[in-house]
Amino acid sequence: LFHVNNFYIADTPGFSSLDLQKFTKEEIKSAFPEFEKFPCRFKDCNHLKEQDCGVKDAVENKEILNTRYQSYQAFINEVLK
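Residues numbered from 1 in each chain as written. Predicted model: local features only at pLDDT ≥ 70, side-chain atom pairs only at ≥ 80, totals over all residues. Heavy atoms only, no water.

Trainee: How do you make sense of the layout of surface pockets when you look at a structure like this?
Mentor: Gaps left between atoms are located by rolling a probe of water-molecule size over the structure's atoms. Here the second largest pocket is characterised by a volume of approximately 250 Å³. As for the second largest pocket, its lining consists of Lys29, Ser30, Phe32, Phe35, Glu36, Phe38, Pro39, Cys40, Phe42, Lys43, Cys45 and His47. Class assignment of the residues belonging to the lining of the second largest pocket gives a composition of seven nonpolar, two polar and three charged. (1 Å grid on protein atoms, 1.4 Å probe; cavity = no way out; pocket = protein on both sides within 12 Å on 5 of 7 lines; lining within 4 Å. Points joined across faces, edges and corners; volume = space filled by probe spheres on them. Nonpolar A, V, L, I, M, F, W, Y, C, P; charged D, E, K, R; others polar.)

What follows is the structure in structure tokens.
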């Protein structure tokens, strides 16, 4: 187990899915602290389809790894279902 912010991450072979429904979007966002360096136009930005998103710009400019952003997208989309 790895403790990251208020989360524990389990690195276990064989897991193919995670149940993220009990987490809030704020908790998911807090697991990606590097995103905070890139402000968005709107305070409640989910960094998905919003305009003037600093995080999406940072991904495009290779300041945030695309794979890291893809993980964020998968997690946040699961919570927003």
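Trainee: Mind showing me how you'd approach helix H3 (residues 66–80) here?
Mentor: An α-helix turns once every 3.6 residues. As a result, residues three or four positions apart point the same way. Spanning 15 residues, H3 covers 21 Å between terminal C-alpha atoms, matching the ideal 21 Å at 1.5 Å per step. Along H3, the residues classified as buried are Tyr69, Tyr72, Ile76 and Val79. Down the axis of H3, the buried side of the element spans an arc of 85°, and every buried residue falls inside it. (Helix = DSSP H or I, 4+ residues; strand = E, 2+ residues; numbered from the N terminus. Expected span 1.5 Å × (residues − 1). Buried < 20%, exposed > 50% of the residue type's maximum accessible area, 1.4 Å probe, protein only. Arc of directions from axis to C-beta.)

Trainee: Where do I start with the nonpolar core in this structure?
Mentor: The nonpolar side chains of a soluble globular protein tend to be buried with one another. Counting residues in each nonpolar core, the largest one holds 16 residues, and the members touching the most others are Ile28, Phe32, Phe35, Val55, Ile64, Tyr69 and Tyr72. Put simply, the parts of the chain that give this core at least two residues each are helix H2 (54–60) and H3. If one sorts the elements of this core by residue count, H3 sits on top with four residues. Discounting residues that sit within four places of it in the chain, Ile28 has contacts with Phe7, Phe23, Tyr72, Phe75, Ile76 and Val79. (Core = buried A, V, L, I, M, F, W, Y, C linked by side-chain atoms within 4.5 Å. Contact = heavy atoms within 4.5 Å.)

Trainee: Looking at this model, I keep getting lost on the pattern of salt bridges. Mind explaining?
Mentor: Where charged atoms from two side chains of opposite charge approach closely, those side chains can pair. Here the structure, examined in full by the defined rule, presents two salt bridges. Arg68 is the salt-bridge partner of Glu34, the closest N and O atoms lying 2.5 Å from each other. Residue Glu34 is located in the loop between helix H1 (25–30) and H2, and its partner Arg68 is located in helix H3; the two are separated by 34 residues in the primary sequence. Looking at Glu34, the relative accessible area reads 21%, which means it is partly exposed. (Salt bridge = Lys/Arg side-chain N within 4 Å of Asp/Glu carboxyl O.)

Trainee: Even after reading the chapter, I still don't get unusual backbone geometry, so can you show me in this structure?
Mentor: Both trends apply: most residues other than glycine have a negative phi, and most peptide bonds are in trans. Notably, His47 is not glycine yet its phi reads approximately 65°, a positive angle. Looking at where His47 falls in the secondary structure, it is placed in the loop between H1 and H2. One non-glycine residue, Lys62, lies in positive phi territory at about 65°. Looking at where Lys62 falls in the secondary structure, it is placed in the loop between H2 and H3. Take Lys62: its relative accessible area is 73%, and that puts it in the exposed class.

Trainee: Help me understand the environment of Lys81, please; the structure alone is not making it clear to me.
Mentor: Counting through the fold element by element, Lys81 comes out in the segment after H3. We classify Lys81 as exposed; its relative accessible area is 72%. A C-alpha to C-alpha distance of 8.5 Å links Lys81 and Gln21, two positions 60 residues apart in sequence.

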